[in-house]
Amino acid sequence: MHGSRIAAIGHYQPARVLTNEDLAGMVDTSDEWIRTRVGIRTRHIAGPDEPVDELAAHAAAKALAAAGLGPADIDMVLVATSTAIDRSPNTAARVAARLGIPGPAAMDINVVCAGFTHALATADHTIRAGAATRALVIGAEKMTDVADWNDRSTCVLVGDGAGAAVVEACAPGQEPGIGPVLWGSVPEMGHTVRIEGTPPRFAQEGQSVYRWATTRLPAIARQACERAGLAPEELAGVVLHQANLRIIEPLAEKIGAVNAVIARDVTESGNTSAASIPLALSKLVEQGALPTGAPVLLFGFGGNLSYAGQVIHCP
């Protein structure tokens, strides 16, 4: 029963970039209004011919290449998403088919913005139990498919993209690279973040989410560090769900990770829900901002008012 580790990570974003100025021509807003309230400058937008599974497959292919592995080396595919249109085949099965992965366990996980950290914990537990040896864990979203483009309080937030990690069993004697997860939810407040209706539309009660995230979550994130046997000041990086810069910065400060690099990819990518954590982590790794093996807190939160966090060793 050895632990697991992230062997490699990759990300993908569509080519089209939507600026705040572009949005100002679509809805009653402005660059100043958006930057002041959420800190976002740009976001990437997928086209009608770019489904969620295509975004996911691009990110997964990059992670596989970075790990020096091929499709046959994977025996589990987990995709965290809340925006896939079709129910079956699920997104994970479609990703496996696109990449030519033979016979994997293939599952979608819908915990919205906390989806990737839930999926990462699920892969870690599965590998520890001996039911898989190497997994692709992907967060992929096409939030623009569920955006209400007449609601300036939400449409300015969203973007599309994907991030993926190759998770594999540690060798005997090797220190686990994925720490114990701390997860939970506040089901009675699930109405504060919603993707509902036909067609489905994203809506939220922004002030309620802000208060919950900045007052309730710091202590929970610190507990995730404690489960990993670390103090917050020992963290080299903190990658929170990229919801809103006005949530990320006070939350990171209250966690107490005074020496950590704080991911702020929301400014360039917007809120990509389950994709945001692997997307932001992959960019930090690509930029050389985090050394290999450094302890990094991943902490997802949002839809369902669910949360999940764990400390990982940076790939």
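Calculation rules
- Residues numbered from 1 in each chain as written.
- Predicted model: local features only at pLDDT ≥ 70, side-chain atom pairs only at ≥ 80, totals over all residues.
- Heavy atoms only, no water.
- Helix = DSSP H or I, 4+ residues; strand = E, 2+ residues; numbered from the N terminus.
- Rg over C-alpha atoms; globule rule 2.2 N^0.38 Å.
- Areas by Shrake-Rupley, 256 points an atom, 1.4 Å probe, with all protein chains shown as cover.
- Expected span 1.5 Å × (residues − 1).
- Buried < 20%, exposed > 50% of the residue type's maximum accessible area, 1.4 Å probe, protein only.
- Pairing = 2+ DSSP bridges.
- Contact = heavy atoms within 4.5 Å.
- Axes fitted to C-alpha atoms, helices over the stretch in contact; angles between N-to-C directions.
- pLDDT = per-residue confidence, 0-100.

Undergrad: Teacher, can you tell me more about the overall build of the chain here?
TA: Check the secondary structure of the chain and you find 11 helices and 14 strands. Computed over the C-alpha atoms, the radius of gyration of the chain is 18 Å, within 12% of the 20 Å expected from 2.2 N^0.38 for a compact globule of 315 residues. The C-alpha extent of the chain, read off along each of the three principal axes, is 60 × 40 × 40 Å. If you sum the accessible surface of the chain, you get close to 12200 Å²; carbon and sulfur atoms cover 49% of it.

Undergrad: It is not clear to me how helix 11 (residues 276-287) should be interpreted in this structure. Could you clarify?
TA: Three or four residues apart is the spacing at which side chains of an α-helix point the same way, because the helix has 3.6 residues per turn. The terminal C-alpha atoms of helix 11 lie 17 Å apart, and with 12 residues this matches the ideal 16 Å at 1.5 Å per residue to within 8%. Burial analysis of helix 11 places nine of its 12 residues in the buried class, the great majority of the element. For helix 11, every residue scored as buried is listed here: Ser276, Ile277, Pro278, Leu279, Ala280, Leu281, Ser282, Lys283 and Leu284.

Undergrad: I would appreciate a short explanation of the pairing of strand 14 (residues 306-313) in the present structure.
TA: Residues in a regular strand point their side chains to alternate faces of the sheet. Among the eight residues of strand 14, seven are classified as buried, and the element is accordingly described as predominantly covered. In terms of strand pairing, strand 8 (residues 182-185) meets strand 14 through four bridges, oriented antiparallel. The partner of tryptophan 183 across the bridge, within strand 14, is alanine 308. With seven bridges connecting them, strand 13 (residues 295-301) and strand 14 associate as antiparallel partners. What sits directly across from phenylalanine 299, in strand 14, is glycine 309. A loop of four residues connects strand 13 with strand 14, the two strands running antiparallel in sequence, and glycine 302 in this loop sits at a positive phi of about 145°.

Undergrad: Hey, could you run me through the side chain of glutamine 242 in this one?
TA: Position of glutamine 242 relative to the elements: it lies in the loop between strand 11 (237-240) and helix 9 (245-255). Given the relative accessible area of 1%, glutamine 242 is considered buried. Look past the residues within four positions of glutamine 242 in its chain and what remains in contact with it is Ile248, Ala263, Arg264, Asp265, Val266, Gly270, Asn271, Ser276 and Ala280.

Undergrad: Hey, could you run me through the sheet that holds strand 4 (residues 76-80) in this one?
TA: Neighbouring strands of a sheet are bound in pairs by backbone hydrogen bonds; such pairs are parallel or else antiparallel. Taking strand neighbours across the sheet as the criterion, the five strands line up as 1-7-6-4-5 in an open arrangement whose pairing is mixed. Every other strand in the sheet has two partners, leaving strand 1 (4-12) and strand 5 (105-109) as the edge strands with one partner each. Between one strand axis and the next, the sheet turns by 15° as a mean value, whatever way the strands run. Here strand 6 (residues 134-142) runs beside strand 7 (residues 160-169); their pairing, made up of nine bridges, is antiparallel. By the bridge assignment, lysine 142 is partnered in strand 7 with aspartate 160. Strand contacts of helix 11: strand 1, strand 6 and strand 7, with the helix running at about 95° to strand 1, the strand carrying the most contacts.

Undergrad: What is the right way to read the sheet that holds strand 14 from this model?
TA: Read across the sheet, five strands follow the order 8-14-13-11-12 without closing on themselves; strand pairing throughout is mixed. The open sheet has two free edges, formed respectively by strand 8 and strand 12 (261-262), since each of these has just one partner strand. Its contacts with the sheet place helix 5 (residues 115-128) against strand 8, strand 13 and strand 14, and it is angled at close to 60° to strand 14. The strands touched by helix 9 are strand 11, strand 12 and strand 13; relative to strand 11, the strand with the most contacts, the crossing angle is about 135°.

Undergrad: Just checking my understanding: could you explain the confidence of the model for the chain for this structure?
TA: Within the chain, residue pLDDT values average 97, and 100% of them lie at 70 or more. Per-element mean pLDDT across the chain ranges from 94 in helix 6 (residues 152-155) up to 99 in strand 4.

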